[in-house]
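A closer look at the structure
Spelled out, the chains give:
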Amino acid sequence: MSVQVTKTKAEQMLTEAFAGAEAALPGSDAVTKLRREAIGAFSALGLPTRRVEEWKYTDLRARLADSFPVAMDSVSGSQAIGGLLDGTAPGLLPGLNAYTIVFVDGALEPRTLPEDVKGLEVLPLATALESVPAWVEKALGETARPADAAVALNTALMAGGVAMRIADDVSLDRPIHLVFAQSGSEPKLVTTRVIVDLGARASLSLVETHVAMGTSVRQQNTLVTLALGEAAQVAHVKNLTVDKGSIHLSNSVVRLGARATYKPFQMTTGGGLVRHGLDLRFEGTHASLDFAALALPDMSGHVDTTLVIDHRVAHCTSRELYKCVLDGTARGVFQGKVIVAPGAQKTDGKQMAQALMLSPEAEFDSKPELEIYADDVVCGHGSTSAEIDEDLLFYCRSRGIPKAEARALLIESFIGEVIDKVEHEALREALVARAGAWLRAGHV
Amino acid sequence: MLEIKNLFVKLAEEDRQILKGLTLTVPKGEVHAIMGPNGSGKSTLAYVLAGRDGYEVTDGDILWNGESILGMEPDERAAKGVFLAFQYPMEIPGVAGLTFLRTATNAVRKKRGEAELSTPEFMRVVKDKAAKLNIAVEMLKRPVNVGFSGGEKKRSEILQMAMLEPTLCVLDETDSGLDIDALKVVSDGVNALRSPDRAMLVITHYQRLLNHIVPDRVHVLAAGKIQKSGGKELALELEKSGYAEFTGKAA
């Protein structure tokens, strides 16, 4: 590792932003120590460039010109949140009957915290960082000593968010929907952290929506840690729109106990720069991951999905299905790294990344990486990139279907396979509608 | 009435002339067969009628009911009543057969100024027509043609034809890949659509299909133009003598 001598303007601004905000950031002395270590790590790492393998196709150092002012978890709760709660605001998921928790510019709307749900403990992030119960301490430990700049910045600057724990054997009757809304017209840097801990055999449907309500551009850094106890189950849908000029850096840090199952699904739209990181580790045998993602960037959007799947133990299964539809000069990136540790026999890992190219100027970068140190495993990967099939288009049109409708039908058939992975019916229908709206917004 | 007048067609991408002055008239209510050796331009004729890209009409015209269709997009032609049953029907993964049928049916109805079918109306019609072709509605819940046998694909084509109610039906090698039982089902389906308002052009290499779909006229297409026309007995002659007389060599 080389020590960076010259700092970019953004790197300097981010370090200064921490110094200016530190006194107001929530947390115990131990948390303050973590934050300082993290900003130290960030200073040493600098913003990632293409030379950092995990950021090969997203040169954040080049893309991030400066930093925006830090938003603190102290905003008044007076914003109009009606449309966020009932799902009628644009970009939301109508018809989803959920416990909805609203954050405006990262600040928790305390009125939206669910109360008296049996088996669910939920704390505002600030409270969790002050009191640091054992399960929160463990979660924070997973992001200590970060090797990734975005994770380091999140730990240093996390201001808003929530920590949740679901007791053993509890299945919530409804999904928990975290709505992160960006409001106003001033540029802001918003850093949020969500901590989720599931006991043995507990199950949760977690939905995250990130949506811009105002006109401002944002730099958003969001991190979710998920710890799944033995045989716990999580379906985790992330639904986001990131507008042009905004940057969304997200990371999920997931630890799976024995026989646990984790089913994430991400759908990304918008013209901004988006980076999804998943750092997942199998810690108990017979656990499984079923990852699916759909990127529908606007004409100039950039969506990078980079996974590191660590098969630390034997008999675990991982599946990844990534699809993107790229128009204009949009860029889709998929990097899927699967590590199979020496003892992780009977690992079963498969990944597939597919791009549908609507424009000759669009770009798809796909990089599978398999690091296998065990000898009795099944691992595979595939990647395709194609335009709309002219023969199929003619077939549809010869049946009277007009060109735009035929293209829409064929694009929908391409993305249908991945949206079908969402098992919750109302949620799946809302996502299908969102994809349909994207299509009708000039992409056919 | 279909009128093909002195049609010259070349491949758009290469300098190869396929049709060289083809002239043909099919009145409403009649079924005409086009027979010919491989490479004579039969499939090109079918695709040019349906409006596929990749072909260039360098001379001549195609009139349907007195109106040139050459400038029309494939979907406009479909709305005007043109239907091509493909030799190799396409598979569309991810699109359920019923969705496809309903989208197509309502698209042409809309263009023809007819009311779109509601879901219950559509289901009633499709069930009725599918039953006549021995197609289970369950099969239509699967993606279009995916995993279908050759016979199932051809029956699915005829069902599309029945749903779209075209007035000009072009059947390209509909008998290829069919066993004798499937051939009968498909032929019965086609015969059921014969009507005084409908013209049909049946393109085939073999006479076998014409035992089931009996044509009013038979035309021999070779070297890009109609070489000979006659009644249904011409098909039987060809079965005996082959196409050698039209190509100058044994077919």
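Please read all numbers here as calculations on a predicted model, not as lab measurements. (Residues numbered from 1 in each chain as written. Chains lettered and ligands numbered in written order. Predicted model: local features only at pLDDT ≥ 70, side-chain atom pairs only at ≥ 80, totals over all residues. Heavy atoms only, no water.)

On to the overall build of chain A. Of regular secondary structure, chain A possesses ten helices and 19 strands. In terms of overall dimensions, chain A is globule-like: its C-alpha atoms have a radius of gyration of 21 Å, near the 22 Å expected for 444 residues. Dimensions of chain A along its principal axes, counting C-alpha atoms only, are 70 × 55 × 50 Å. Taking the intrachain contacts of chain A between residues at least 6 apart in sequence as the baseline, contacts between residues at least 24 apart amount to 84%. Here chain A displays about 16800 Å² of accessible surface, and carbon together with sulfur accounts for 52% of that area. Across chain A, the centroid of the 43 positively charged side chains sits 2 Å from that of the 55 negatively charged ones. (Helix = DSSP H or I, 4+ residues; strand = E, 2+ residues; numbered from the N terminus. Rg over C-alpha atoms; globule rule 2.2 N^0.38 Å. Contact = heavy atoms within 4.5 Å. Areas by Shrake-Rupley, 256 points an atom, 1.4 Å probe, with all protein chains shown as cover. Lys, Arg positive; Asp, Glu negative; His and termini not counted. Charge placed at Lys NZ, Arg CZ, Asp CG, Glu CD.)

Taken residue by residue, the interface counts 30 residues in chain B and 16 residues in chain A. In this assembly, chain B packs against chain A so that about 1900 Å² is buried in total across both faces, 68% of it on carbon and sulfur atoms. Summed over the shared surface of chain B and chain A, the number is four salt bridges. As a salt-bridge pair, B:Arg52 and A:Asp391 come within 2.6 Å of each other at their nearest N and O atoms. (Buried area = accessible area lost by both parts, 1.4 Å probe. Salt bridge = Lys/Arg side-chain N within 4 Å of Asp/Glu carboxyl O.)

What follows concerns the packing of aromatic side chains. Residues and elements named next belong to chain A. Going through the model one piece at a time under the given rule, you end up with nine aromatic pairs over all chains. Look at Phe103 and Phe180: their rings are 4.5 Å apart centre to centre, the planes differ by 10°, and that puts the pair in the stacked class. One end of the pair, Phe103, is in strand 1 (residues 99-104); the other, Phe180, is in strand 5 (residues 176-182), with 77 residues separating them in the sequence. Seen from their ring centres, Tyr322 and Phe364 are 6.1 Å apart, and the 5° between their planes marks the pair as stacked. Residue Tyr322 is located in strand 15 (residues 317-326), and its partner Phe364 is located in strand 18 (residues 363-372); the two are separated by 42 residues in the primary sequence. Overall, Tyr322 belongs to the buried group, its relative accessible area being 0%. (Phe/Tyr/Trp six-rings, centres within 6.5 Å; stacked < 30°, edge-to-face > 60°. Buried < 20%, exposed > 50% of the residue type's maximum accessible area, 1.4 Å probe, protein only.)

Let's shift gears to the sheet that holds strand 19 (residues 378-386) of chain A. In any sheet, the strands associate via hydrogen bonds between backbone groups, in a parallel or an antiparallel arrangement. All names here are of chain A. Spatial ordering of the open sheet is given by 2-1-5-7-9-11-13-15-17-19, a layout of ten strands whose pairing is mixed. Since the sheet does not close on itself, it has two edges, and those belong to strand 2 (107-108) and strand 19, each with one partner. For strand 5 and strand 7 (residues 203-212), the ladder comprises seven bridges, and the chain directions are parallel. Across the sheet, the residue bridging to Gln182 is Ala212, located in strand 7. Along the sheet face, helix 9 (residues 403-419) touches strand 11 (261-270), strand 13 (288-297), strand 15 and strand 17 (348-357) and points at about 155° away from the line of strand 15. (Pairing = 2+ DSSP bridges. Axes fitted to C-alpha atoms, helices over the stretch in contact; angles between N-to-C directions.)

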